[in-house]
Amino acid sequence: MSNDKFLHGAMILTLAGLVVKIIGSVNRILLSRLLGGEGIGLYQMAYPVYLLLLAISSAGIPVAISIIISRYLAKGDLGNVRRVFRLSLSLMAALGLSLALLLVLAAGWLVDSGVIKDGRAYYSLVALAPAVFFGTVLASFRGLFQGHQLMTPPAVSQILEQFIRVVTMLVLAYVLLPYGLEYAAAGAAFGAVPGSLMGMLVLFGFYRYYRKHWLRQAELAPCSERISSSSLIKELLLLALPVSCANVLVPVSGSIDVLLVPGYLIDSGFTVEQATTLFGYFAGMAQPLLLLATIPTLSLATSLVPAVAEASTLKRWDIIAAKGSTAMKLCCLITVPAAVGMWVLAEPISRMLYGTSKAGVAIMHAAPSLWLLGMHQVTTGLLQGMGHSSLPMLHMLAGIVAKVIAVGKLTNAQWNIAGVAWATNINFGLTALLNILALRYYKINFRWYNIIKIIFAAVLMGAAAYWSYALLLPKLGFIIATLGSMALAAVFYGALLVLLQVVNAAELQKLPLAAKIIQKINLGKKG
């Protein structure tokens, strides 16, 4: 059985995402030691502005381009595929240049008006401006390859982009540190420029490589009706704007915690220092674990969009349902046991990673978000691929409203930081539920019987992890006990999946690495 293309792409993006996260974590440790709290503070004042501009300019573009290109590829309309890319590249270059110039011109105003509290962050703002341009152009190339369901080029570019960015950040910060913290922070910020330039050059190289093949295909394809530029721009904006708005809502959701949670904690009787510490346990320790654990589901969603868009164009609702069920099953296979494990071993995980067990409460109560966020990502990918990109945005907006209400109700002396975690659970749970209901309206259902079996296996795995940790702790110490109980629980979970017939050899062969392992086992048996 041949590998399913979108699963292959998801695996490639997952591996790339993990490598990028590892490089970023090493960079954060080294840069923090080099610049200290004050220098990192200057860097962090400028970097969110850059991320916001990048979200506005390019967050929805790769998704929109990949959907449109997938649609034309499904029709065999290769002429308009080239036109879509060329037009989007021109538009994005103009937009990226405009926003880069805007950042340079607005940097002084952001400082003078008090939006940026420390004037020394001005240099970091200006240093980031070229990266806005390169990052925006880069988004067009990523959309092109995702539309062709070629995930290796974007994955390679992400890794090299992150590597060059980190090396440049550390070198410039070190070289410029003697001249002052503001210049060292600006040097670190400038690392995004060669990083995004490298990512763009790598994808341009891949584009040159594939372009000859695409041109030969276009020559053999029947002549297509020329779509007007205005029609293409309209189609691009209708798809990209809702996705961009949804991506802008992600930092907005995080800003709710920053703006509301410390104040509610102080009103509940905690001191400013206590409120800041509790908030740090949630935002600085629990949430990064959630984002790391959902890299596979985000990759699944990214790979799912063009595959579903292609099937939607061909009116193959059976293919969409099959791909959706496979993606949701994989999502639950990964996130449900991870959420249960984080819940059961929250305290030892906190102690092992952060040197304190006090973040355990935040990690434990935030654990359900891991599964809920994963389902939200996969169902969002399905809706976007089907062309309903505005629905996830509206559902996310409803989730944010629910979160604001929940934060006000649950952040009190009794619940404190656990209440904040459950407000986040409510947020992701509601958005996932609304997405699922929307998919049911379009006759896309999931095999919930399998998902119930996955939950059952994960609960038993959680019990095994709890008891094995309790048995190993007195004999081996908490680090070995934690890692050992995780390993034993993983083996037990895998055995349960086989016993409950949740997975089979045919499904495993759809995964590239598993297919090779099974093939070698079969060859060994024949030998």
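Residues numbered from 1 in each chain as written. Predicted model: local features only at pLDDT ≥ 70, side-chain atom pairs only at ≥ 80, totals over all residues. Heavy atoms only, no water.

Quick word on the overall build of the protein chain
Within the protein chain, the regular secondary structure consists of 19 helices and zero strands. On C-alpha atoms alone, the protein chain measures out to a radius of gyration of 24 Å, which is about the 24 Å that the 2.2 N^0.38 rule sets for 527 residues. Dimensions of the protein chain, computed from C-alpha atoms along their principal axes, come out at roughly 70 × 65 × 50 Å. Across the 527 residues that make up the protein chain, the buried fraction comes to 49%. Here the contacts in the protein chain between residues at least 6 apart in sequence split such that 83% fall between residues at least 24 apart. Here the protein chain displays about 24,500 Å² of accessible surface, and carbon together with sulfur accounts for 69% of that area. (Helix = DSSP H or I, 4+ residues; strand = E, 2+ residues; numbered from the N terminus. Rg over C-alpha atoms; globule rule 2.2 N^0.38 Å. Buried < 20%, exposed > 50% of the residue type's maximum accessible area, 1.4 Å probe, protein only. Contact = heavy atoms within 4.5 Å. Areas by Shrake-Rupley, 256 points an atom, 1.4 Å probe, with all protein chains shown as cover.)

A word on helix H14 (residues 390-410)
A rise of 1.5 Å per residue sets the reference length of H14, with its 21 residues, at 30 Å; its end C-alpha atoms lie 30 Å apart and thus fit the reference within 8%. Along H14, the residues classified as buried are Pro392, His395, Met396, Gly399, Ile400, Ala402, Lys403, Ala406 and Val407. (Expected span 1.5 Å × (residues − 1).)

A short note on the confidence of the model for the protein chain
Mean pLDDT over the protein chain works out to 83, with 91% of the residues at or above the 70 mark. Taking the mean pLDDT of every element in the protein chain, the minimum, 50, falls on helix H19 (residues 512-526) and the maximum, 93, on helix H15 (residues 417-441). (pLDDT = per-residue confidence, 0-100.)

Describing the side chain of lysine 403
Mapped onto the secondary structure, lysine 403 falls in helix H14. In this structure lysine 403 comes out as buried when scored by relative accessible area, which is 2%.

Focus on the packing of helix H9 (residues 272-293) against helix H12 (residues 346-354)
Helix-helix packing is characterised by the crossing angle of the two axes and by the distance between the axes. The interhelical angle for the contact between H9 and H12, taken along N-to-C directions, is 105°, at an axis separation of 12 Å. When the axes of H9 and H12 are compared, the pair comes out roughly perpendicular. Within the contact between the two elements, H9 uses Gly284, Met285 and Leu289 and H12 uses Ile349, Leu353 and Tyr354. Its residues assigned to classes, the contact of H9 with H12 shows five nonpolar, one polar and no charged. (Axes fitted to C-alpha atoms, helices over the stretch in contact; angles between N-to-C directions. Parallel < 35°, antiparallel > 145°, perpendicular 65-115°, else oblique. Nonpolar A, V, L, I, M, F, W, Y, C, P; charged D, E, K, R; others polar.)

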